[in-house]
Amino acid sequence: MVENPFIFGKVVRGEHFCDREHEMEQIKKMVGSRQHIVVISPRRYGKTSLVINALERNRIPYVYVDCSLVEDEKGLIGVVINDYAKKLDNLAILEKFLKRFDISVSVTIHPVNVTISQIGTDSLKNILMEVGKNYVIVFDEFQDIYEKDKRLVNKIRSIVQFLEKSVVMLGSKRHLLNSMFLKPRGIFYNFGYALHLGKIEKAEFSKFIARWFRKNGIELKKEEIDEVLDISECHPFFTQYLCHFLFEKRLSGKKEVEVKEVLNDILEMNSVFYDETYRSLPLGQRKALHLLSYGKKEVYSAELLKRFDITSSQALQKALKSLIKKEIVDKNGNYYILDIFFKHWLYQKVLNQMV
Ligand SMILES: Nc1ncnc2c1ncn2[C@@H]1O[C@H](COP(=O)(O)OP(=O)(O)OP(=O)(O)O)[C@@H](O)[C@H]1O
Ligand SMILES: [Mg+2]
């Protein structure tokens with residue numbers, strides 16, 4: 001069976017990873033000069049894939065800390081040690097390592113799993129200092145710790161400034177990251193190099209898509225690739241998602257299936273979820289979403305407000321603020337709907353006058 005080369009929803013590596021050459025070079029350079037890095041982007045732009053590929057391709061040893069799994073200091077130590085244990089691949093060294101710190105642990109093997117039952121005041125510091133001697137430490141979704149335990153964030157801050165190797169912090173909740181890393185009063189202000197990750201360049205994504213289809217005996221027309229990237233707006237996740245289903249259809253013999261049909265299938269597939277989200281919103285926020293789905297930049301123009309029956313620009317502003325809080329909308333210069341397929345679904349509703 002042919003494997004679908006378009007992967008979405010997990011970290012992509014090797015040939016499944018497209019471009020980002022410039023960003024990978026920046027990460028390599030920063031790590032080489034022991035600079036800390038913070039990578040910021042909206043959700044699913046490819047932060048985790050970028051950092052992992054940059055480190056692995058350059059053979060830079062790293063320990064990966066998924067902060068969304070961390071509830072407290074003990075949990076953080078657990079996540080650090082468990083990833084570190086995977087890298088060691090040798091139980092004797094691991095046991096020697098664990099003995100050096102003021103922690104109570106139990107270790108199971110196959111696969112190795114370390115459970116921490118007790119920690120001391122300096123355990124976190126000593127462990128990070130030791131791991132940070134040889135490994136770059138990657139704190140993914142770092143803002144999650146900030147949301148749960150600000151004291152722990154302060155503690156991490158005070159430790160990582162003394163680490164020998166770089167630390168890479170990744171996050172997607174921009175308002176939190178901005179207040180932590182970019183505002184002069186933020187605890188991580190001037191902490192390191194801020195890499196704002198954008199979408200993938202159209203020319204690179206086009207080549208990537210064409211190559212994978214061609215490799216499997218399918219010739220996509222240039223206009224079809226353009227259409228895919230128009231719909232997905234070159235968003236890494238949504239492009240892979242759309243290509244995945246286009247590939248599946250074309251491979252199953254439906255040579256003539258159009259990109260639009262595939263999009264409609266996806267919208268149909270997700271419609272229960274979209275409908276639920278939509279129905280849960282008050283009228284003002286629904287109207288704001290319809291307005292955004294229209295794709296115009298000047299959202300406060302009198303003409304648009306009238307077109308979508310919104311009473312005032314203040315009312316629109318209030319609705320947008322709530323939608324940002326709900327992580328349905330974001331603002332990056334302009335307001336936009338985060339889920340591009342949801343945006344298409346909303347737009348079709350407007351077209352069909354179903355609002
Ligand atoms: N360079 C890339 N080449 C091809 N596809 C990519 C690339 N980067 C990201 N993707 C696509 O986007 C998806 C999300 O990538 P990834 O998990 O790395 O993003 P993220 O920004 O860390 O997401 P999250 O905000 O959920 O943590 C991947 O599963 C893949 O489909
Ligand atoms: Mg990620």
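Residues numbered from 1 in each chain as written. Chains lettered and ligands numbered in written order. Predicted model: local features only at pLDDT ≥ 70, side-chain atom pairs only at ≥ 80, totals over all residues. Heavy atoms only, no water.

### Looking at the environment of Tyr 45
In this fold, Tyr 45 is placed in the loop between strand 1 (37-40) and helix 2 (47-57). On the accessibility criterion, Tyr 45 (8% relative accessible area) is buried. With residues up to four places along the chain from it excluded, the contact list for Tyr 45 reads Arg 20, Leu 197, Gly 198, Lys 199, His 235 and Pro 236. (Helix = DSSP H or I, 4+ residues; strand = E, 2+ residues; numbered from the N terminus. Buried < 20%, exposed > 50% of the residue type's maximum accessible area, 1.4 Å probe, protein only. Contact = heavy atoms within 4.5 Å.)

### What about the packing of aromatic side chains?
Taken as a whole and judged by the stated rule, the model has 30 aromatic pairs. With a centroid separation of 5.8 Å and 50° between ring planes, the pair formed by Tyr 274 and Trp 345 is classed as tilted. Of the two residues, Tyr 274 sits in helix 12 (residues 259-279) while Trp 345 sits in helix 16 (residues 340-351), which places them 71 residues apart along the sequence. Look at Tyr 274 and you get buried, because its relative accessible area is 2%. An angle of 25° between the planes, with centres 5.8 Å apart, marks the rings of Phe 342 and Trp 345 as stacked. One end of the pair is Phe 342 and the other is Trp 345, both in helix 16 and three residues apart, which spans about a single turn. Both residues of the pair, Phe 342 and Trp 345, belong to the buried class. In textbook terms, an aromatic cluster arises when at least three aromatic residues are bridged by ring pairs, as seen for Phe 8, Phe 237, Phe 238, Tyr 241, Phe 245 and Phe 341. Taking the ring centre of Tyr 62 as reference, the NZ or CZ of Lys 87 above it sits at 4.0 Å. A cation over a ring is seen here: Arg 307 above Phe 308, with NZ or CZ 4.8 Å from the ring centre. (Phe/Tyr/Trp six-rings, centres within 6.5 Å; stacked < 30°, edge-to-face > 60°. Lys NZ or Arg CZ within 6 Å of the ring centre and 35° of its normal.)

### Quick look at the nonpolar core
Counting residues in each nonpolar core, the largest one holds 56 residues, and the members touching the most others are Ile 209, Leu 289, Leu 291 and Phe 341. No other element matches helix 11 (residues 236-251), which puts eight residues into this core. When neighbours within four sequence positions are excluded, Phe 341 is seen to be in contact with Phe 238, Tyr 241, Leu 242, Leu 263, Ile 266, Leu 267 and Tyr 274. Membership of the second largest hydrophobic core comes to 45 residues, among which are Val 114, Ile 156, Ile 159 and Met 180. (Core = buried A, V, L, I, M, F, W, Y, C linked by side-chain atoms within 4.5 Å.)

### Describing helix 11
Between its first and last C-alpha atoms helix 11 spans 22 Å; for 16 residues at 1.5 Å apiece the expected length is 22 Å, and the two agree. Of all 16 residues making up helix 11, 13 are buried, and the element is well covered by its neighbours. One or two residues past the end of helix 11 sits Gly 253, with phi positive at roughly 100°. (Expected span 1.5 Å × (residues − 1).)

### A closer look at the site of ligand 1
Neighbouring ligand 1 are 22 residues, the closest being Ile 7, Lys 10, Arg 43, Lys 47 and Ser 49. Arg 44 has a polar backbone atom sitting 2.9 Å from an oxygen atom of ligand 1. A distance of 2.7 Å separates an oxygen atom of ligand 1 from a polar side-chain atom of Lys 47. A total of 630 Å² of accessible area belongs to ligand 1 in isolation, and the protein chains cover 94% of it. A molecule is said to occupy a pocket when more than half its atoms come within 2 Å of that pocket's grid points, and by this definition ligand 1 occupies the second largest pocket. Elements with a contribution of two residues or more to the shell around ligand 1: helix 2 and helix 11. Tallied by class, the residues present in the shell around ligand 1 amount to nine nonpolar, seven polar and six charged. For the shell around ligand 1, the two domains that each supply at least three residues are domain 1 (20-196) and domain 2 (202-270). (Near = heavy atom within 4 Å. Polar contact = N/O pair within 3.5 Å; in protein donor to acceptor, adjacent residues only side chain to side chain. Areas by Shrake-Rupley, 256 points an atom, 1.4 Å probe, with all protein chains shown as cover. 1 Å grid on protein atoms, 1.4 Å probe; cavity = no way out; pocket = protein on both sides within 12 Å on 5 of 7 lines; lining within 4 Å. Sits in = over half its atoms within 2 Å of the grid points. Nonpolar A, V, L, I, M, F, W, Y, C, P; charged D, E, K, R; others polar. Domains from an automatic or database assignment.)

### Some words on the domain arrangement of the chain
Domain annotation for the chain reports domain 1 (20-196), domain 2 (202-270) and domain 3 (273-351). Each of domain 1 and domain 3 has a C-alpha centre, and the two are 36 Å apart.

### Regarding the layout of surface pockets
Within this model, the largest pocket holds a volume of roughly 730 Å³. Lining the largest pocket are 31 residues, and of these Arg 43, Glu 327, Ile 328, Val 329 and Leu 338 sit closest to its centre. Looking at the lining of the largest pocket, the elements that each hand over two or more residues are helix 8 (174-182), helix 12, strand 8 (329-332), strand 9 (334-337) and helix 16. Grouping the amino acids of the lining of the largest pocket by side-chain chemistry returns 13 nonpolar, seven polar and eleven charged. Roughly 560 Å³ of volume is contained in the second largest pocket. Of all the secondary structure elements, the ones that give two or more residues to the lining of the second largest pocket are helix 2, strand 2 (62-66), helix 9 (202-215) and helix 11. Each residue belonging to the lining of the second largest pocket can be placed in one class, and the counts come to 13 nonpolar, six polar and eight charged. (Points joined across faces, edges and corners; volume = space filled by probe spheres on them.)

### Observations regarding the packing of helix 5 (residues 123-134) against helix 7 (residues 150-160)
Contact pair helix 5 / helix 7: the axes reach a minimum separation of 10 Å and the direction vectors enclose 40°. On the basis of the axis angle, helix 5 is oblique to helix 7. Of the two possible hands of crossing, helix 5 and helix 7 adopt the one that is right-handed. Contact with helix 5, carried on its side by Leu 124, Lys 125, Leu 128 and Met 129, involves Leu 152, Lys 155, Ile 156 and Ile 159 of helix 7 and no other residues of that element. Within the contact of helix 5 with helix 7, the residues separate by chemical class into six nonpolar, no polar and two charged. (Axes fitted to C-alpha atoms, helices over the stretch in contact; angles between N-to-C directions. Parallel < 35°, antiparallel > 145°, perpendicular 65-115°, else oblique. Left-handed = near helix turned anticlockwise from the far one by under 90°.)

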